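Summary of the model geometry
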Amino acid sequence: MIMAVSVEPLVVGRVIGDVVDMFVPTVSMSVYFGPKHVTNGCDIKPSMATNPPKVVVSGHTDDLYTLVMTDPDAPSPSEPSMREWVHWIVVDIPGGTSPSKGKEILPYMGPRPPVGIHRYILVLFRQRYSMKDAVIQQPATRANFNTRAFANQLDLGVPVATIYFNAQKEPANKKR
């Protein structure tokens, strides 16, 4: 199977640079909020994303993966003083399954962008070993998380897949 997944949208969206370094996707990851298939740079309403997305990871069940979801645009894209705001961390996800089969380190928190259009980035790493005996501290705060440092700390290397979507605050009153 040839992986013809381009990192171009990740470069254009500055996901490569702001959150992760250049990498070659080697695993396919599908992300859905309800029936909506998430593609790079698509818009997802926060109200659609209150529950964790359905994520399907390819690969062999012998392989284990870590999924991290962050927002590098907190609290606002023009002043991202809290970059990155971490929304979800799951480790030990077997290949060919979904995060529900892994171990949640940090519970999912849906997008709540206060101002501007925020990028929400799901980064998948292949683990070099099982984390079942590792003591992984839940981050003390969701603010100022660093995906690169986290990956470094757990010896995860570069990502094997990354998908991002955009979200912005919804109008409080839908009836205009």
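This write-up is about the structure you can find in this document. (Residues numbered from 1 in each chain as written. Predicted model: local features only at pLDDT ≥ 70, side-chain atom pairs only at ≥ 80, totals over all residues. Heavy atoms only, no water.)

What about the overall build of the protein?
If you tally the helices and strands in the protein, you get three helices and nine strands. Its helices and strands taken in sequence order, the protein reads α-α-β-β-β-β-β-β-β-β-α-β from the N to the C terminus. A compact globule built from 176 residues should have a C-alpha radius of gyration of about 16 Å, and the protein, at 16 Å, falls within 12% of that. Across its three principal axes, the protein shows a C-alpha extent of roughly 55 × 35 × 30 Å. In the protein, which comprises 176 residues, the proportion classed as buried is 48%. Put simply, 74% of the contacts in the protein that link residues at least 6 apart link residues at least 24 apart. Working note: accessible area of the protein is about 9100 Å², and carbon and sulfur atoms make up 54% of it. (Helix = DSSP H or I, 4+ residues; strand = E, 2+ residues; numbered from the N terminus. Rg over C-alpha atoms; globule rule 2.2 N^0.38 Å. Buried < 20%, exposed > 50% of the residue type's maximum accessible area, 1.4 Å probe, protein only. Contact = heavy atoms within 4.5 Å. Areas by Shrake-Rupley, 256 points an atom, 1.4 Å probe, with all protein chains shown as cover.)

Brief notes about the sheet that holds strand 2 (residues 36-37)
Here we have three strands laid out as an open sheet, ordered 2-1-4, and antiparallel in their pairing. The outermost strands of the open sheet, each flanked by one partner alone, are strand 2 and strand 4 (54-57). By the bridge criterion, four bridges tie strand 1 (residues 29-33) to strand 4 in an arrangement that is antiparallel. Considered in strand 4, the bridge of Tyr-32 is made with Lys-54. (Pairing = 2+ DSSP bridges.)

Considering the packing of aromatic side chains
Scanning all chains against the criterion turns up four aromatic pairs. Residues Phe-33 and Phe-165 carry aromatic rings whose centres are separated by 5.3 Å and whose planes lie at 75° to one another, so their mutual orientation is edge-to-face. With Phe-33 in strand 1 and Phe-165 in strand 9 (residues 161-168), this residue pair connects regions lying 132 residues apart in the sequence. Here the two residues Phe-33 and Phe-165 agree in accessibility, since each one is buried. (Phe/Tyr/Trp six-rings, centres within 6.5 Å; stacked < 30°, edge-to-face > 60°.)

Some details on the nonpolar core
If you look at the biggest cluster of nonpolar residues, it comprises 25 residues, and the most contacted ones within it are Met-29, Val-38, Val-55, Leu-67, Leu-122, Leu-124 and Phe-165. Sorting the residues of this core by element identifies strand 1, strand 4, strand 5 (64-71), strand 6 (85-94), strand 8 (117-126) and strand 9 as the ones contributing at least two each. Broken down by element, this core gets its largest block of residues, four residues, from strand 9. Ignoring sequence-local partners within four residues, the contact set of Met-29 consists of Val-55, Val-56, Leu-67, Leu-122, Leu-124, Ala-161, Thr-162 and Ile-163. Val-7, Phe-23, Val-91 and Phe-125 belong to the second largest nonpolar core, which has 24 residues in total. (Core = buried A, V, L, I, M, F, W, Y, C linked by side-chain atoms within 4.5 Å.)

Quick notes on the environment of Lys-132
Counting through the fold element by element, Lys-132 comes out in the loop between strand 8 and helix 3 (147-153). By relative accessible area, which is 60% here, Lys-132 ends up exposed.

Here's the deal with the pattern of salt bridges
For the structure on display, the rule yields eight salt bridges. Between Asp-18 and Arg-14 there is a salt bridge whose closest N-O contact spans 3.8 Å. You can call Asp-18 buried: its relative accessible area is 19%. You can call Arg-14 partly exposed: its relative accessible area is 49%. Of the charged contacts, one joins Asp-18 and Arg-83 as a salt bridge, the two residues approaching to 3.6 Å between their closest N and O atoms. Here Asp-18 is found in helix 2 (residues 15-18), whereas its partner Arg-83 is found in the loop between strand 5 and strand 6, with 65 residues between them in sequence. Ionic contacts of the salt-bridge type, sharing partners, join the residues Arg-14, Asp-18, Asp-73, Arg-83 and Arg-119 into one network. (Salt bridge = Lys/Arg side-chain N within 4 Å of Asp/Glu carboxyl O.)

Structural notes on the sheet that holds strand 9
Across the sheet, which stays open at both edges, the six strands sit in the order 3-9-8-5-6-7 with mixed pairing between neighbours. Edge positions in the sheet fall to strand 3 (42-43) and strand 7 (103-106), since each has one partner strand and no second. As defined by bridge partners, strand 8 adjoins strand 9 across eight bridges and the pair is classed as antiparallel. Residue pairing in the sheet places Ile-117 in a bridge with Gln-168 of strand 9.

Some thoughts on the environment of Val-160
One can find Val-160 in the loop between helix 3 and strand 9. Considered as a pair, Val-160 and Phe-23 are 137 residues apart in the sequence and their alpha carbons are 7.3 Å apart. Residue contacts for Val-160: discarding those within four places in its chain leaves Phe-23, Val-24, Pro-25, Thr-26, Val-27, Tyr-65, Leu-124, Phe-125 and Arg-126.

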